[in-house]
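# Structure assessment
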Amino acid sequence: MPSSPAFETAILPYGAAAIAEAARLIAAGQCVAVPTETVYGLAADSTNGQAVAGIYAAKGRPGFNPLIVHVPDLAAAERLAVFDDEARALATTHWPGPLTLVLPAKPGSGIASLVTAGLDTIAIRCPAHPAMRDLLTAAGRPLAAPSANASGTISPTRAGHVLNSLGGRIPLIVDAGPTAVGLESTIVATGPLRLLRPGPIDLGLAPHAATSIEAPGQLASHYAPAKPLRLNATQADPDEWLIGFGAVAGDTTLSARGDLTEAAARLFDALHDADASPRDRIAIAPVPGTGLGLAINDRLKRAAACAQEGSRSLSA
Ligand code: TXA
Ligand code: MG
(Lines give C-alpha, C1' and ligand atoms only; values in the text may rest on other atoms or scores of the structure.)
(Ligands and ions follow the chains in the order given, each with its own letter.)
Protein backbone atom coordinates (compact mmCIF):
# COMPACT_ATOMS: atom_id res chain seq x y z
CA MET A 1 0.00 0.00 0.00
CA PRO A 2 1.41 3.43 -0.87
CA SER A 3 2.15 5.41 2.29
CA SER A 4 0.99 8.74 0.88
CA PRO A 5 -1.63 9.63 -1.74
CA ALA A 6 -0.13 9.67 -5.24
CA PHE A 7 -3.16 11.09 -7.04
CA GLU A 8 -5.88 13.66 -6.80
CA THR A 9 -8.81 11.40 -7.60
CA ALA A 10 -11.19 13.02 -10.12
CA ILE A 11 -14.83 11.92 -10.38
CA LEU A 12 -16.40 12.52 -13.80
CA PRO A 13 -20.04 11.77 -14.64
CA TYR A 14 -20.37 9.02 -17.27
CA GLY A 15 -20.42 10.53 -20.77
CA ALA A 16 -18.19 11.07 -23.80
CA ALA A 17 -15.73 13.33 -21.95
CA ALA A 18 -15.31 10.90 -19.05
CA ILE A 19 -14.77 7.93 -21.37
CA ALA A 20 -12.23 9.87 -23.48
CA GLU A 21 -10.29 10.81 -20.34
CA ALA A 22 -10.49 7.24 -19.02
CA ALA A 23 -9.21 5.86 -22.34
CA ARG A 24 -6.36 8.39 -22.33
CA LEU A 25 -5.33 7.28 -18.83
CA ILE A 26 -5.59 3.58 -19.77
CA ALA A 27 -3.36 4.16 -22.83
CA ALA A 28 -0.89 5.91 -20.52
CA GLY A 29 -0.74 2.78 -18.32
CA GLN A 30 -2.91 4.09 -15.48
CA CYS A 31 -5.91 2.38 -13.89
CA VAL A 32 -9.36 3.96 -13.66
CA ALA A 33 -12.54 3.02 -11.83
CA VAL A 34 -15.52 2.39 -14.09
CA PRO A 35 -18.96 0.90 -13.38
CA THR A 36 -20.05 -2.49 -14.66
CA GLU A 37 -23.55 -3.89 -14.19
CA THR A 38 -22.28 -5.83 -11.14
CA VAL A 39 -19.88 -3.61 -9.17
CA TYR A 40 -17.42 -0.81 -10.01
CA GLY A 41 -14.24 -2.22 -11.57
CA LEU A 42 -10.67 -0.93 -11.46
CA ALA A 43 -9.64 -1.20 -15.11
CA ALA A 44 -6.21 -1.23 -16.73
CA ASP A 45 -4.68 -2.37 -20.02
CA SER A 46 -4.40 -6.16 -19.65
CA THR A 47 -1.56 -6.28 -22.19
CA ASN A 48 0.63 -3.91 -20.13
CA GLY A 49 2.26 -5.64 -17.16
CA GLN A 50 3.17 -2.32 -15.50
CA ALA A 51 -0.41 -1.11 -15.78
CA VAL A 52 -1.68 -4.37 -14.27
CA ALA A 53 0.83 -4.03 -11.45
CA GLY A 54 -0.75 -0.64 -10.81
CA ILE A 55 -4.07 -2.38 -10.09
CA TYR A 56 -2.47 -4.68 -7.51
CA ALA A 57 -0.66 -1.69 -5.98
CA ALA A 58 -3.77 0.50 -5.75
CA LYS A 59 -5.82 -2.32 -4.21
CA GLY A 60 -3.02 -3.62 -1.99
CA ARG A 61 -4.00 -7.01 -3.37
CA PRO A 62 -1.99 -10.20 -2.77
CA GLY A 63 -0.03 -10.98 -5.93
CA PHE A 64 -1.34 -14.53 -6.24
CA ASN A 65 -4.90 -13.45 -6.93
CA PRO A 66 -5.64 -13.40 -10.69
CA LEU A 67 -7.85 -10.80 -12.39
CA ILE A 68 -10.85 -10.96 -14.73
CA VAL A 69 -10.25 -9.75 -18.29
CA HIS A 70 -13.14 -7.78 -19.83
CA VAL A 71 -13.83 -7.95 -23.56
CA PRO A 72 -16.46 -6.37 -25.84
CA ASP A 73 -17.66 -9.62 -27.45
CA LEU A 74 -17.14 -13.34 -27.98
CA ALA A 75 -14.77 -12.79 -30.92
CA ALA A 76 -12.43 -10.77 -28.70
CA ALA A 77 -12.68 -13.46 -25.99
CA GLU A 78 -11.77 -16.22 -28.46
CA ARG A 79 -8.50 -14.43 -29.17
CA LEU A 80 -7.54 -14.86 -25.50
CA ALA A 81 -8.86 -18.29 -24.51
CA VAL A 82 -9.70 -21.72 -25.89
CA PHE A 83 -13.47 -22.16 -26.04
CA ASP A 84 -15.05 -25.60 -26.20
CA ASP A 85 -18.68 -26.02 -27.32
CA GLU A 86 -19.98 -25.70 -23.76
CA ALA A 87 -18.08 -22.46 -23.13
CA ARG A 88 -19.26 -21.02 -26.43
CA ALA A 89 -22.86 -21.90 -25.63
CA LEU A 90 -22.63 -20.23 -22.20
CA ALA A 91 -21.12 -17.08 -23.72
CA THR A 92 -23.75 -16.96 -26.45
CA THR A 93 -26.55 -17.30 -23.92
CA HIS A 94 -25.29 -14.99 -21.16
CA TRP A 95 -23.04 -12.34 -22.75
CA PRO A 96 -23.05 -9.45 -22.42
CA GLY A 97 -23.80 -10.03 -18.75
CA PRO A 98 -22.54 -11.03 -15.31
CA LEU A 99 -20.98 -14.41 -16.17
CA THR A 100 -17.21 -14.99 -16.03
CA LEU A 101 -15.70 -18.01 -17.77
CA VAL A 102 -12.41 -19.53 -16.60
CA LEU A 103 -10.88 -21.21 -19.66
CA PRO A 104 -7.49 -22.41 -20.91
CA ALA A 105 -5.44 -19.32 -21.83
CA LYS A 106 -4.23 -19.03 -25.43
CA PRO A 107 -0.45 -18.67 -25.47
CA GLY A 108 0.79 -15.59 -27.28
CA SER A 109 -2.41 -13.61 -26.80
CA GLY A 110 -0.45 -10.66 -25.42
CA ILE A 111 -2.14 -10.71 -22.01
CA ALA A 112 0.36 -9.81 -19.28
CA SER A 113 1.25 -12.84 -17.15
CA LEU A 114 0.51 -10.85 -14.02
CA VAL A 115 -3.18 -10.89 -15.03
CA THR A 116 -3.45 -14.65 -14.62
CA ALA A 117 -0.96 -14.72 -11.74
CA GLY A 118 0.94 -17.55 -13.38
CA LEU A 119 -2.08 -19.83 -14.00
CA ASP A 120 -2.56 -21.42 -17.42
CA THR A 121 -6.23 -20.46 -17.33
CA ILE A 122 -7.79 -17.04 -17.83
CA ALA A 123 -11.00 -15.54 -16.43
CA ILE A 124 -12.96 -13.63 -19.10
CA ARG A 125 -16.19 -11.72 -19.08
CA CYS A 126 -18.15 -9.55 -21.50
CA PRO A 127 -19.86 -6.84 -19.41
CA ALA A 128 -23.27 -5.31 -20.16
CA HIS A 129 -22.85 -1.84 -18.63
CA PRO A 130 -22.60 0.87 -21.33
CA ALA A 131 -19.81 2.73 -19.46
CA MET A 132 -17.51 -0.31 -19.39
CA ARG A 133 -18.52 -1.20 -22.96
CA ASP A 134 -17.73 2.35 -24.16
CA LEU A 135 -14.38 2.21 -22.40
CA LEU A 136 -13.54 -1.16 -24.00
CA THR A 137 -14.30 0.36 -27.42
CA ALA A 138 -12.37 3.57 -26.74
CA ALA A 139 -9.37 1.74 -25.23
CA GLY A 140 -9.33 -0.82 -28.05
CA ARG A 141 -7.86 -3.56 -25.91
CA PRO A 142 -9.02 -6.06 -23.28
CA LEU A 143 -9.18 -4.54 -19.81
CA ALA A 144 -8.23 -6.32 -16.61
CA ALA A 145 -10.58 -5.18 -13.86
CA PRO A 146 -11.10 -6.48 -10.34
CA SER A 147 -13.64 -4.81 -8.10
CA ALA A 148 -12.54 -1.22 -7.39
CA ASN A 149 -11.94 -1.52 -3.65
CA ALA A 150 -8.91 -1.96 -1.43
CA SER A 151 -8.14 -5.67 -0.95
CA GLY A 152 -10.14 -7.32 1.80
CA THR A 153 -12.92 -4.71 1.86
CA ILE A 154 -16.46 -4.67 0.50
CA SER A 155 -17.01 -4.40 -3.26
CA PRO A 156 -18.15 -0.93 -4.39
CA THR A 157 -21.57 -0.36 -5.93
CA ARG A 158 -21.28 3.46 -6.04
CA ALA A 159 -18.62 5.99 -7.01
CA GLY A 160 -18.57 7.15 -3.37
CA HIS A 161 -17.59 3.66 -2.20
CA VAL A 162 -14.66 3.70 -4.64
CA LEU A 163 -13.59 7.13 -3.43
CA ASN A 164 -13.69 6.01 0.23
CA SER A 165 -11.61 2.94 -0.52
CA LEU A 166 -9.18 4.10 -3.23
CA GLY A 167 -9.27 7.91 -3.04
CA GLY A 168 -5.74 9.30 -3.53
CA ARG A 169 -4.60 6.00 -5.06
CA ILE A 170 -6.20 6.24 -8.53
CA PRO A 171 -6.56 9.19 -10.93
CA LEU A 172 -10.19 8.83 -12.06
CA ILE A 173 -13.59 7.42 -11.15
CA VAL A 174 -16.27 7.36 -13.87
CA ASP A 175 -19.59 7.85 -12.05
CA ALA A 176 -22.74 6.31 -13.50
CA GLY A 177 -24.65 6.03 -10.23
CA PRO A 178 -25.37 2.84 -8.32
CA THR A 179 -24.80 -0.45 -10.15
CA ALA A 180 -27.89 -2.43 -11.12
CA VAL A 181 -26.91 -5.93 -9.98
CA GLY A 182 -24.74 -5.10 -6.97
CA LEU A 183 -23.10 -8.53 -6.72
CA GLU A 184 -19.96 -9.72 -8.55
CA SER A 185 -20.33 -11.96 -11.60
CA THR A 186 -20.92 -15.70 -11.42
CA ILE A 187 -17.63 -17.51 -12.16
CA VAL A 188 -17.59 -20.94 -13.79
CA ALA A 189 -14.87 -23.14 -15.23
CA THR A 190 -15.69 -25.57 -18.01
CA GLY A 191 -14.65 -29.14 -18.89
CA PRO A 192 -16.23 -30.32 -16.56
CA LEU A 193 -18.50 -27.39 -15.76
CA ARG A 194 -18.04 -26.18 -12.15
CA LEU A 195 -19.10 -23.17 -10.15
CA LEU A 196 -16.16 -21.22 -8.69
CA ARG A 197 -18.16 -18.25 -7.38
CA PRO A 198 -21.95 -18.05 -7.10
CA GLY A 199 -23.39 -14.85 -8.52
CA PRO A 200 -26.25 -13.21 -10.39
CA ILE A 201 -26.49 -15.90 -13.06
CA ASP A 202 -27.77 -19.18 -11.65
CA LEU A 203 -26.70 -22.14 -13.78
CA GLY A 204 -28.12 -24.63 -11.28
CA LEU A 205 -24.65 -25.72 -10.15
CA ALA A 206 -23.68 -26.45 -6.55
CA PRO A 207 -20.65 -24.48 -5.33
CA HIS A 208 -17.43 -26.30 -6.17
CA ALA A 209 -15.22 -27.23 -3.19
CA ALA A 210 -12.71 -24.38 -3.10
CA THR A 211 -9.01 -25.01 -3.50
CA SER A 212 -6.50 -22.23 -3.06
CA ILE A 213 -5.21 -22.83 -6.59
CA GLU A 214 -8.43 -22.89 -8.55
CA ALA A 215 -10.40 -20.22 -6.76
CA PRO A 216 -8.16 -17.95 -4.75
CA GLY A 217 -10.89 -15.33 -4.96
CA GLN A 218 -12.99 -17.41 -2.65
CA LEU A 219 -10.85 -16.13 0.21
CA ALA A 220 -13.16 -14.92 2.93
CA SER A 221 -11.42 -11.58 3.26
CA HIS A 222 -12.73 -10.38 -0.10
CA TYR A 223 -16.12 -9.63 1.30
CA ALA A 224 -15.35 -8.45 4.79
CA PRO A 225 -16.73 -5.40 6.53
CA ALA A 226 -14.48 -3.94 9.25
CA LYS A 227 -16.85 -4.94 12.10
CA PRO A 228 -17.94 -8.37 13.42
CA LEU A 229 -20.97 -9.70 11.56
CA ARG A 230 -23.65 -11.98 13.05
CA LEU A 231 -25.84 -13.92 10.62
CA ASN A 232 -29.48 -15.03 10.83
CA ALA A 233 -30.39 -12.42 13.43
CA THR A 234 -34.02 -11.60 14.09
CA GLN A 235 -33.30 -8.97 16.76
CA ALA A 236 -30.40 -6.61 17.39
CA ASP A 237 -28.33 -6.53 20.57
CA PRO A 238 -27.83 -2.94 21.86
CA ASP A 239 -24.42 -2.57 20.17
CA GLU A 240 -25.55 -4.06 16.87
CA TRP A 241 -26.64 -2.40 13.63
CA LEU A 242 -29.29 -4.71 12.21
CA ILE A 243 -29.66 -5.17 8.46
CA GLY A 244 -33.18 -6.44 7.88
CA PHE A 245 -34.85 -8.55 5.22
CA GLY A 246 -38.55 -9.20 4.72
CA ALA A 247 -40.38 -9.33 8.07
CA VAL A 248 -37.21 -8.43 10.04
CA ALA A 249 -37.21 -4.63 9.75
CA GLY A 250 -33.77 -3.66 11.11
CA ASP A 251 -32.05 -0.27 11.10
CA THR A 252 -32.02 -0.62 7.34
CA THR A 253 -33.26 -3.40 5.08
CA LEU A 254 -32.02 -5.38 2.11
CA SER A 255 -35.60 -5.60 0.91
CA ALA A 256 -38.68 -4.91 3.01
CA ARG A 257 -40.77 -6.98 0.59
CA GLY A 258 -38.33 -9.90 0.76
CA ASP A 259 -37.21 -9.59 -2.86
CA LEU A 260 -33.85 -11.30 -3.52
CA THR A 261 -32.98 -9.24 -6.59
CA GLU A 262 -33.48 -6.02 -4.64
CA ALA A 263 -31.50 -7.54 -1.75
CA ALA A 264 -28.53 -8.41 -3.99
CA ALA A 265 -28.44 -4.91 -5.44
CA ARG A 266 -28.48 -3.42 -1.91
CA LEU A 267 -26.16 -5.90 -0.15
CA PHE A 268 -22.83 -4.10 -0.35
CA ASP A 269 -24.48 -0.71 0.21
CA ALA A 270 -26.03 -2.07 3.38
CA LEU A 271 -22.68 -3.44 4.58
CA HIS A 272 -20.97 -0.12 3.84
CA ASP A 273 -23.69 1.71 5.78
CA ALA A 274 -23.36 -0.74 8.68
CA ASP A 275 -19.58 -0.26 8.77
CA ALA A 276 -20.16 3.52 8.91
CA SER A 277 -22.88 3.30 11.60
CA PRO A 278 -22.22 4.35 15.23
CA ARG A 279 -22.62 0.74 16.49
CA ASP A 280 -19.71 -1.66 17.09
CA ARG A 281 -21.16 -4.78 15.55
CA ILE A 282 -23.35 -5.79 12.61
CA ALA A 283 -26.23 -8.27 12.60
CA ILE A 284 -28.14 -9.37 9.53
CA ALA A 285 -31.51 -11.03 9.13
CA PRO A 286 -31.87 -14.50 7.59
CA VAL A 287 -31.92 -14.48 3.79
CA PRO A 288 -33.39 -17.58 2.08
CA GLY A 289 -30.76 -19.74 0.35
CA THR A 290 -32.55 -20.08 -2.97
CA GLY A 291 -31.84 -18.40 -6.33
CA LEU A 292 -29.85 -15.19 -5.83
CA GLY A 293 -30.03 -15.89 -2.10
CA LEU A 294 -27.31 -18.54 -2.63
CA ALA A 295 -24.85 -15.90 -3.79
CA ILE A 296 -25.94 -13.45 -1.07
CA ASN A 297 -25.45 -16.08 1.66
CA ASP A 298 -22.10 -17.05 0.16
CA ARG A 299 -20.86 -13.44 0.52
CA LEU A 300 -22.33 -13.13 4.01
CA LYS A 301 -20.73 -16.37 5.27
CA ARG A 302 -17.33 -15.25 4.01
CA ALA A 303 -17.77 -11.84 5.61
CA ALA A 304 -18.79 -13.36 8.94
CA ALA A 305 -15.95 -15.92 8.90
CA CYS A 306 -13.42 -13.22 8.18
CA ALA A 307 -14.72 -10.99 10.96
CA GLN A 308 -14.24 -13.97 13.32
CA GLU A 309 -10.67 -14.45 12.14
CA GLY A 310 -10.06 -10.74 12.68
CA SER A 311 -11.26 -10.83 16.28
CA ARG A 312 -9.25 -14.01 16.95
CA SER A 313 -6.03 -12.42 15.73
CA LEU A 314 -6.84 -9.26 17.71
CA SER A 315 -7.17 -11.29 20.91
CA ALA A 316 -4.09 -13.41 20.11
O1 TXA B 1 -18.50 -8.70 -11.46
C2 TXA B 1 -17.27 -8.92 -11.46
O3 TXA B 1 -16.80 -10.02 -11.74
C4 TXA B 1 -16.36 -7.73 -11.09
C5 TXA B 1 -16.50 -6.67 -12.17
C6 TXA B 1 -15.56 -5.51 -11.96
O7 TXA B 1 -16.31 -7.24 -13.45
N8 TXA B 1 -15.00 -8.16 -10.99
C9 TXA B 1 -14.56 -8.90 -9.95
O10 TXA B 1 -13.21 -9.12 -10.00
O11 TXA B 1 -15.25 -9.32 -9.07
P12 TXA B 1 -12.35 -9.64 -8.76
O13 TXA B 1 -10.93 -9.49 -9.16
O14 TXA B 1 -12.75 -8.93 -7.51
O15 TXA B 1 -12.67 -11.14 -8.70
C16 TXA B 1 -12.10 -11.98 -9.68
C17 TXA B 1 -12.24 -13.39 -9.25
C18 TXA B 1 -11.35 -13.69 -8.10
O19 TXA B 1 -12.10 -14.47 -7.21
C20 TXA B 1 -10.22 -14.49 -8.74
O21 TXA B 1 -9.61 -15.33 -7.84
C22 TXA B 1 -10.98 -15.22 -9.82
O23 TXA B 1 -11.85 -14.24 -10.31
N24 TXA B 1 -10.14 -15.65 -10.93
C25 TXA B 1 -9.52 -14.88 -11.84
N26 TXA B 1 -8.81 -15.61 -12.70
C27 TXA B 1 -8.99 -16.90 -12.33
C28 TXA B 1 -8.51 -18.15 -12.81
N29 TXA B 1 -7.70 -18.23 -13.86
N30 TXA B 1 -8.91 -19.26 -12.17
C31 TXA B 1 -9.73 -19.19 -11.10
N32 TXA B 1 -10.22 -18.05 -10.58
C33 TXA B 1 -9.84 -16.92 -11.19
MG1 MG C 1 -13.26 -8.22 -5.40
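The structure under discussion appears in the preceding block.
Calculation rules
- Residues numbered from 1 in each chain as written.
- Chains lettered and ligands numbered in written order.
- Predicted model: local features only at pLDDT ≥ 70, side-chain atom pairs only at ≥ 80, totals over all residues.
- Heavy atoms only, no water.
- Helix = DSSP H or I, 4+ residues; strand = E, 2+ residues; numbered from the N terminus.
- Buried < 20%, exposed > 50% of the residue type's maximum accessible area, 1.4 Å probe, protein only.
- Salt bridge = Lys/Arg side-chain N within 4 Å of Asp/Glu carboxyl O.
- Pairing = 2+ DSSP bridges.
- Contact = heavy atoms within 4.5 Å.
- Axes fitted to C-alpha atoms, helices over the stretch in contact; angles between N-to-C directions.
- Parallel < 35°, antiparallel > 145°, perpendicular 65-115°, else oblique.
- Left-handed = near helix turned anticlockwise from the far one by under 90°.
- Nonpolar A, V, L, I, M, F, W, Y, C, P; charged D, E, K, R; others polar.

### Re the overall build of the chain
Scanning the chain from terminus to terminus reveals nine helices and 14 strands. Taking all 316 residues of the chain together, the buried fraction comes to 51%.

### What about the pattern of salt bridges?
Where side chains of opposite charge bring their charged atoms close, a pairing between them can arise. One pass over the full model with this rule turns up 15 salt bridges. Asp-85 is the partner of Arg-88 in a salt bridge, and the nearest nitrogen-oxygen pair spans 3.6 Å. Placement of both Arg-88 and Asp-85 in helix H4 (residues 85-94) is noted, with a separation of three residues, approximately one turn of the helix. According to the relative accessible area criterion, Arg-88 is partly exposed, its value standing at 30%. For Asp-85, a relative accessible area of 64% corresponds to the exposed category. Shared partners join several salt bridges into a network, and the residues in it are Arg-230, Asp-237, Asp-239, Glu-240 and Arg-281.

### Re the environment of Ile-282
Tracing the backbone shows Ile-282 in strand S14 (residues 281-284). Accessibility expressed as a relative area gives 1% for Ile-282, which makes it buried. As for Ile-282 and Trp-241, which are separated by 41 residues in sequence, their C-alpha atoms are 4.8 Å apart.

### Focus: the sheet that holds strand S13 (residues 252-253)
One key point about sheets: their strands pair by backbone hydrogen bonds, in either a parallel or an antiparallel sense. In space, the four strands of this open sheet follow the order S11-S14-S12-S13, with parallel pairing throughout. Of all the strands in the sheet, just strand S11 (229-230) and S13 have a single pairing partner and so form its edges. Relative to S13, strand S12 (residues 240-244) runs parallel, the two being bridged by two bridges. What sits directly across from Gly-244, in S13, is Thr-253. The sheet contacts of helix H8 (residues 260-276) involve S12, S13 and S14, and relative to S12 the element is tilted by about 165 degrees.

### Re the environment of Ile-11
Relative to the helices and strands, Ile-11 is located in strand S1 (residues 10-13). Among the residues examined, Ile-11 registers a relative accessible area of 38% and is labelled partly exposed. Here the alpha-carbon distance between Ile-11 and Ala-159, two residues 148 residues apart in the chain, equals 7.8 Å. If we ignore the near neighbours within four places in the chain, the residues touching Ile-11 are Leu-163, Ile-173 and Asp-175.

### Digging into the packing of helix H1 (residues 16-27) against helix H6 (residues 130-139)
Running from amino to carboxyl end, H1 crosses H6 at an angle of 50 degrees, the nearest separation of the two axes being 9 Å. Considered as vectors, H1 and H6 are oriented oblique to each other. Note that H1 runs across H6; the crossing there is right-handed. Of the residues in H6, those in contact with Ile-19, Ala-22, Ala-23 and Ile-26 of H1 are Ala-131, Asp-134, Leu-135, Ala-138 and Ala-139. By residue class, the composition of the contact of H1 with H6 is eight nonpolar, no polar and one charged.

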